[in-house]
Amino acid sequence: MSGVSLVICCHNSADKLPATIQRLCDLKVKRDVAWELIIVDNASTDGTQETAIQHLSEDLKKITRVVFENALGIRNARLRGIAESQYEYICFIDDDNWICPDWVDVVYDIMSKRSEIGACGGSGLPIFEGSPPLWFEQYKHCYAVGPQNEIAGYVESSAGYLWGAGLTIRKSAWADIISYGFPFTLVGRSGSTLSAGEDVEICFALRCCGWRLWYDDRLTYYHVIPAFRLTLEYLKKMHRGFGEACTVLNMYDTFLGSDFDIDNDYRGAWIMDSWHVIISYLRQQIAYMLKFDQLVWIKLVINTNFAFGKLCKILASPTNYDQLKYKICLFVFNAKSSKLRITD
């Protein structure tokens, strides 16, 4: 059904939701654009559901559903939001994102006019609760802040993904990747655990099936960033999570960008991939030291945590790692082969 489903995935978000919902009450949506709001309470214990209902305006209550997802993890919350949505364009809004007043109309305009687009995203602006550190500009993309492309338009393969804040996916495109056996491996953030990557995994899967990504600078939102997330320790933890996710995401990227052997079961792949992580880490560290600047020590520390996350993911279970690589290989092969047959 044509329309926009806004999905907010929440875990213990009672302190964030009032301001976020206020911005949703201020949305200006054309009469001919159907839309709804779905708030997914992901195993919260702080009264998130009650807070959400309390702060909804009377008009917003008419098109809002608050649902509960007991399985912790942003992936599980997103899956619940997709299952609950009734419209074709599903837009994920973080619980600390304040979207622009014409967000729904812009999303509808983009997705309804370009049937080849599987997902679109926008640009984030920071609101700091405290002073930002010197390194923030260097790492702002880690906080879903800034533009995601140089200009509005298609996101080419060199970038290859959109982040989860403000990510809109086409429901029929989602059904498409599921039909080819999309494994959806990454759980993403789970409670206080800084896992990551489920949003990028969706984007890679869409690309495998021939869908395109779109960035539009009309889609703007404010991202409220509390002081505790602006510490070096938090940045290190994030990059450990990014590193763990990249072991999986690199599989998609490799199979997307080159031919591969479907008869290879990838037993022992963990050995070569582990060495690749170590060699890449050493090369990057040397490069940082040769291009010495005032942030070099931060870059060295962050790169170390990123590589550590990668190695931990691989070495935690080498057998599972090899099996996952083969599973993703099969998905990419089936998706790409089918699209080639359709094209021919």
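Check the entry above for the structure.
Bear in mind the structure is a predicted one, so any value in this text is a computation, not a measurement.

### Let's talk about the overall build of the protein
Alright, step 1. A tally of regular secondary structure across the protein gives 12 helices and 9 strands.
Alright, step 2. Rg of the C-alpha trace for the protein: 20 Å, near the compact-globule value of 20 Å for 344 residues, within the 12% margin.
Alright, step 3. Seen through its C-alpha atoms, the protein measures out along the principal axes to roughly 60 × 55 × 40 Å.
Alright, step 4. Looking at the protein as a whole, 51% of its 344 residues are labelled buried.
Alright, step 5. Considering only contacts within the protein whose residues lie at least 6 apart along the sequence, 83% involve residues at least 24 apart.
Alright, step 6. A gap of 1 Å separates the mean positions of the 35 positive and 40 negative side-chain charges of the protein.

### Points about the side chain of Asn 97
Alright, step 1. Note that Asn 97 resides in strand β5 (residues 97-99).
Alright, step 2. By relative accessible area, Asn 97 is classed as buried at 2%.
Alright, step 3. Within the local environment of Asn 97, its side chain forms a polar contact with the side chain of Asp 96, the two groups lying 3.3 Å apart.
Alright, step 4. When sequence neighbours within four positions are dropped, the list of residues in contact with Asn 97 reads Thr 20, Ala 165, Gly 166, Tyr 221, Tyr 222 and His 223.

### Describing the packing of aromatic side chains
Alright, step 1. Summed over all chains, the structure comprises 14 aromatic pairs.
Alright, step 2. Ring centres of Phe 204 and Tyr 252 lie 6.4 Å apart, and the angle between their planes is 45 degrees; on these two criteria the pair is classed as tilted. Highlighted residues: Phe 204 in helix α8 (residues 198-208) and Tyr 252 in helix α9 (residues 232-257), separated in sequence by 48 residues. Like Phe 204, the residue Tyr 252 is buried in the burial classification.
Alright, step 3. The interplanar angle of 75 degrees and the centroid separation of 6.4 Å between the aromatic rings of Tyr 252 and Phe 331 together place this pair among those described as edge-to-face. Of this pair, Tyr 252 sits in helix α9 while Phe 331 sits in helix α12 (residues 318-343), placing them 79 residues apart in sequence.

### Remarks on the environment of Lys 325
Alright, step 1. Relative to the helices and strands, Lys 325 is located in helix α12.
Alright, step 2. Linking Lys 325 and Gln 285, residues 40 residues apart in sequence, is a C-alpha distance of 27 Å.

### Structural notes on a nonpolar patch on the surface
Alright, step 1. A grouping of Ile 271, Trp 275, Ile 278, Ile 279 and Leu 282 is seen on the molecular surface, where their side chains present a nonpolar patch of about 470 Å² in accessible area.
Alright, step 2. Note that Trp 275 resides in helix α10 (residues 269-290).
Alright, step 3. Taking the relative accessible area as the measure of exposure, Trp 275 reaches 54% and is therefore exposed.

### With respect to the pairing of strand β4 (residues 89-94)
When a strand is regular, its side chains alternate between the sheet's two faces.
Alright, step 1. Counting buried residues in β4 gives 5 out of 6 residues, a clear majority hidden from the surface.
Alright, step 2. Across 6 bridges, strand β1 (residues 4-10) lies against β4 in parallel orientation. Of the residues in β4, the one forming a bridge with Ile 8 is Ile 93.
Alright, step 3. Here 4 bridges tie β4 to strand β8 (residues 167-170), and the two strands are oriented antiparallel to one another. When the bridges of β8 are listed, Phe 92 appears paired with Leu 167.

Conventions and cut-offs
- Residues numbered from 1 in each chain as written.
- Predicted model: local features only at pLDDT ≥ 70, side-chain atom pairs only at ≥ 80, totals over all residues.
- Heavy atoms only, no water.
- Helix = DSSP H or I, 4+ residues; strand = E, 2+ residues; numbered from the N terminus.
- Rg over C-alpha atoms; globule rule 2.2 N^0.38 Å.
- Buried < 20%, exposed > 50% of the residue type's maximum accessible area, 1.4 Å probe, protein only.
- Contact = heavy atoms within 4.5 Å.
- Lys, Arg positive; Asp, Glu negative; His and termini not counted.
- Charge placed at Lys NZ, Arg CZ, Asp CG, Glu CD.
- Polar contact = N/O pair within 3.5 Å; in protein donor to acceptor, adjacent residues only side chain to side chain.
- Phe/Tyr/Trp six-rings, centres within 6.5 Å; stacked < 30°, edge-to-face > 60°.
- Patch = residues over 30% accessible without salt bridge, like charges linked within 9 Å, V, L, I, M, F, W, Y side chains within 5 Å.
- Areas by Shrake-Rupley, 256 points an atom, 1.4 Å probe, with all protein chains shown as cover.
- Salt bridge = Lys/Arg side-chain N within 4 Å of Asp/Glu carboxyl O.
- Pairing = 2+ DSSP bridges.

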